[in-house]
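Secondary and tertiary structure notes
As a plain string of letters, each chain reads:
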Amino acid sequence: QVQLVESGGGLVQPGGSLRLSCAASGTIRSINAMGWYRQAPGKQRELVAGITNSGSTNYADSVKGRFTISRDNRKNTVYLQMNNLKPEDTAVYYCNAHLLIWYDNAYRDYWGQGTQVTVSS
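Quick look at the structure, then.

Now for the side chain of Glu6. Looking at the element boundaries, Glu6 is found in strand β1 (residues 2-7). No salt bridge is formed by the buried Glu6, whose closest oppositely charged neighbour, Arg45, lies at an N-O distance of 7.8 Å. Only 2.6 Å separates the side chain of Glu6 from the backbone nitrogen of Cys95, close enough to count as a polar contact. Among the polar contacts made by the side chain of Glu6, one reaches the main-chain amide nitrogen of Gln113 at a distance of 3.2 Å. Ignoring any residue separated from it by four or fewer positions in sequence, one finds Glu6 in contact with Ser21, Cys22, Trp36, Tyr93, Tyr94, Cys95, Gly112, Gln113, Gly114 and Thr115.

Structure (structure tokens):
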């Protein structure tokens, strides 16, 4: 019913940049918050950045000043611009959307399949 499709991951050298995109599609009535999470090997999934439907944002301390989250509500798409990447940013990045679908009466969390980001020289 709902698909979140991510793109933009890859291999980049330290100090480089990447831009992730995530497009939500399907029987969507309304999207509240959207965000990006990441999970490195052997670690728990953590919030990287989030954005509400009014544009309020929040970031993990480790990415403040380097990453920027944005969204296009007309396209149901969220972006993550990642600058000055560091090896410790290496992880699988997951898109999340807190949304309401038709034929449901509650907002629920939906996840993308994940995209690998590797920062290495």
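Taken as a whole and judged by the stated rule, the model has one aromatic pair. Both rings, one in Tyr37 and one in Trp111, keep their centres 5.0 Å apart while their planes meet at 65 degrees; by these two values the pair is edge-to-face. Residue Tyr37 is found in strand β4 (residues 28-39), and its partner Trp111 is found in strand β10 (residues 108-111); the two are separated by 74 residues along the sequence. Here Tyr37 falls in the partly exposed class, since its relative accessible area comes to 23%. Sitting over the face of the ring of Tyr94, Arg45 holds its NZ or CZ atom 3.8 Å from the ring centroid.

Another point: the pairing of strand β8 (residues 77-82). Note on strand geometry: in a regular strand, side chains alternate between the two faces of the sheet. Among the six residues of β8, five are classified as buried, and the element is accordingly described as predominantly covered. Note: strand β3 (residues 18-26) against β8, six bridges, orientation antiparallel. For Leu18, the partnering residue across the bridge sits in β8 and is Met82. Where strand β7 (residues 67-72) lies against β8, six bridges are found, and the strand directions are antiparallel. Looking at β8, one finds that Thr68 is bridged to Gln81. Connecting the antiparallel pair β7 and β8 is a turn made up of four residues, with Asn76 showing a positive phi of about 50 degrees.

Scoring rules and cut-offs
Residues numbered from 1 in each chain as written. Predicted model: local features only at pLDDT ≥ 70, side-chain atom pairs only at ≥ 80, totals over all residues. Heavy atoms only, no water. Helix = DSSP H or I, 4+ residues; strand = E, 2+ residues; numbered from the N terminus. Buried < 20%, exposed > 50% of the residue type's maximum accessible area, 1.4 Å probe, protein only. Lys, Arg positive; Asp, Glu negative; His and termini not counted. Salt bridge = Lys/Arg side-chain N within 4 Å of Asp/Glu carboxyl O. Polar contact = N/O pair within 3.5 Å; in protein donor to acceptor, adjacent residues only side chain to side chain. Contact = heavy atoms within 4.5 Å. Phe/Tyr/Trp six-rings, centres within 6.5 Å; stacked < 30°, edge-to-face > 60°. Lys NZ or Arg CZ within 6 Å of the ring centre and 35° of its normal. Pairing = 2+ DSSP bridges.

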